[in-house]
Amino acid sequence: MMKQWKLKDIVLMSILGVVFGLIYLAFFGVGNVLYGVLTPFGLGPLSYELIFGVWFIVSIIAAYIIRKPGVAFTSETIAALTEVLVGSTAGPTLILSGMVQGLGAELGFAVTRWKDYRLRVLILSGMLAATVSFPYAYFMSGYDAYANWLVIAMFITRVISGALIAGLLGKYIADQLAATGALSGYPLGKERQKRHEQSSAS
């Protein structure tokens with residue numbers, strides 16, 4: 001797997017992992033605000049699920065840009081490691097959580113043998129990250145204490161968040177980065193340049 005990576009791939013994965021690790025950490029604050037708003041209605045546990053797709057997004061962005069096996073998993077792991085190093089109160093278990101999420105995202109691309117990076121695959125990847133990470137969170141965070149209807153609502157909300165925030169928004173962010181020309185040396189940048197040339201010629 002790593003033999004396919006070039007130095008520039010590793011550098012970009014590291015940069016994205018660190019940047020989004022910091023963003024991930026900041027979003028815990030957003031989750032706390034939502035928790036405060038929803039708790040009076042008995043829906044506090046849904047607060048983080050609404051934005052959970054944020055915590056998958058770097059895996060989608062990095063994989064969409066670089067398009068090689070293992071990129072989704074590795075970038076997500078780097079982001080989780082960054083959170084811990086910066087001082088997340090979750091501690092080292094957060095690294096394992098990131099690895100589980102990255103594995104779920106990686107499965108979405110593995111389905112097509114890392115050959116299809118259209119929107120539907122990015123959305124699938126975000127949904128699988130949500131699906132794979134939920135059982136882990138269920139046991140680690142004590143979701144069994146919640147009513148069944150609430151657990152089901154949490155799962156559905158996480159999957160939708162994974163599809164929209166990680167998949168849809170992740171693609172938009174990567175496309176905007178590519179539009180600046182900063183990704184010209186990567187598959188996404190080359191794909192964009194090729195489309196531009198084809199549209200200019202037609």
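Residues numbered from 1 in each chain as written. Predicted model: local features only at pLDDT ≥ 70, side-chain atom pairs only at ≥ 80, totals over all residues. Heavy atoms only, no water.

K.L.:
Whenever I open this one, the packing of aromatic side chains confuses me. Can you help?
P.N.:
Ring pairs (aromatic) are described by centroid distance and by the angle formed between their planes. Within this structure, the stated rule accounts for 11 aromatic pairs. On the numbers, 6.4 Å between centres and 55 degrees between planes, the contact of phenylalanine 28 with tyrosine 48 is tilted. You can see phenylalanine 28 sitting in helix H1 (residues 7–38) and its partner tyrosine 48 sitting in helix H2 (residues 46–50), a full 20 residues away along the chain. The class for phenylalanine 28 is partly exposed, based on a relative accessible area of 27%. A relative accessible area of 22% means that tyrosine 48 is categorised as partly exposed. Residues tyrosine 138 and phenylalanine 139 carry aromatic rings whose centres are separated by 5.2 Å and whose planes lie at 80 degrees to one another, so their mutual orientation is edge-to-face. (Phe/Tyr/Trp six-rings, centres within 6.5 Å; stacked < 30°, edge-to-face > 60°. Helix = DSSP H or I, 4+ residues; strand = E, 2+ residues; numbered from the N terminus. Buried < 20%, exposed > 50% of the residue type's maximum accessible area, 1.4 Å probe, protein only.)

K.L.:
Even after reading the chapter, I still don't get the packing of H1 against helix H4 (residues 71–86), so can you show me in this structure?
P.N.:
Think of two packed helices as two axes; the pair is described by the angle between the axes and how far apart they sit. The N-to-C vectors of H1 and H4 enclose an angle of 55 degrees; their axes lie 7 Å apart at closest approach. Here H1 is positioned oblique relative to H4, judged by the angle of their axes. Considering only the axes of H1 and H4, their crossing is right-handed. Contacts from Met13, Ser14, Gly17, Val18, Gly21, Leu22, Tyr24, Leu25 and Phe28 in H1 reach Val71, Thr74, Ser75, Glu76, Ile78, Ala79, Thr82, Glu83 and Val86 in H4. Of the residues in the contact of H1 with H4, the class split is 10 nonpolar, 6 polar and 2 charged. (Axes fitted to C-alpha atoms, helices over the stretch in contact; angles between N-to-C directions. Parallel < 35°, antiparallel > 145°, perpendicular 65-115°, else oblique. Left-handed = near helix turned anticlockwise from the far one by under 90°. Contact = heavy atoms within 4.5 Å. Nonpolar A, V, L, I, M, F, W, Y, C, P; charged D, E, K, R; others polar.)

K.L.:
I'm lost on the pattern of salt bridges in this one. Help?
P.N.:
Note on pairing: side chains with opposite charge can pair once their charged atoms come close. Evaluated as defined, the whole model comprises 6 salt bridges. Here aspartate 9 ties to lysine 68 by a salt bridge, and the two come within 2.7 Å at their closest N and O atoms. In this pair, aspartate 9 sits in helix H1 while lysine 68 sits in the loop between helix H3 (57–66) and H4, placing the two residues 59 residues apart along the sequence. Through salt bridges that share partners, Arg67, Glu191 and Arg195 make up one connected network. (Salt bridge = Lys/Arg side-chain N within 4 Å of Asp/Glu carboxyl O.)

K.L.:
Hey, could you run me through unusual backbone geometry in this one?
P.N.:
The phi torsion at arginine 67 lies on the positive side, around 60 degrees, for a residue other than glycine. A relative accessible area of 17% means that arginine 67 is categorised as buried. The backbone phi angle of tryptophan 114 is positive, close to 60 degrees, even though this residue is not glycine. Locating tryptophan 114 in the fold gives a position in the loop between helix H5 (93–110) and helix H6 (119–140). According to the relative accessible area criterion, tryptophan 114 is partly exposed, its value standing at 28%.

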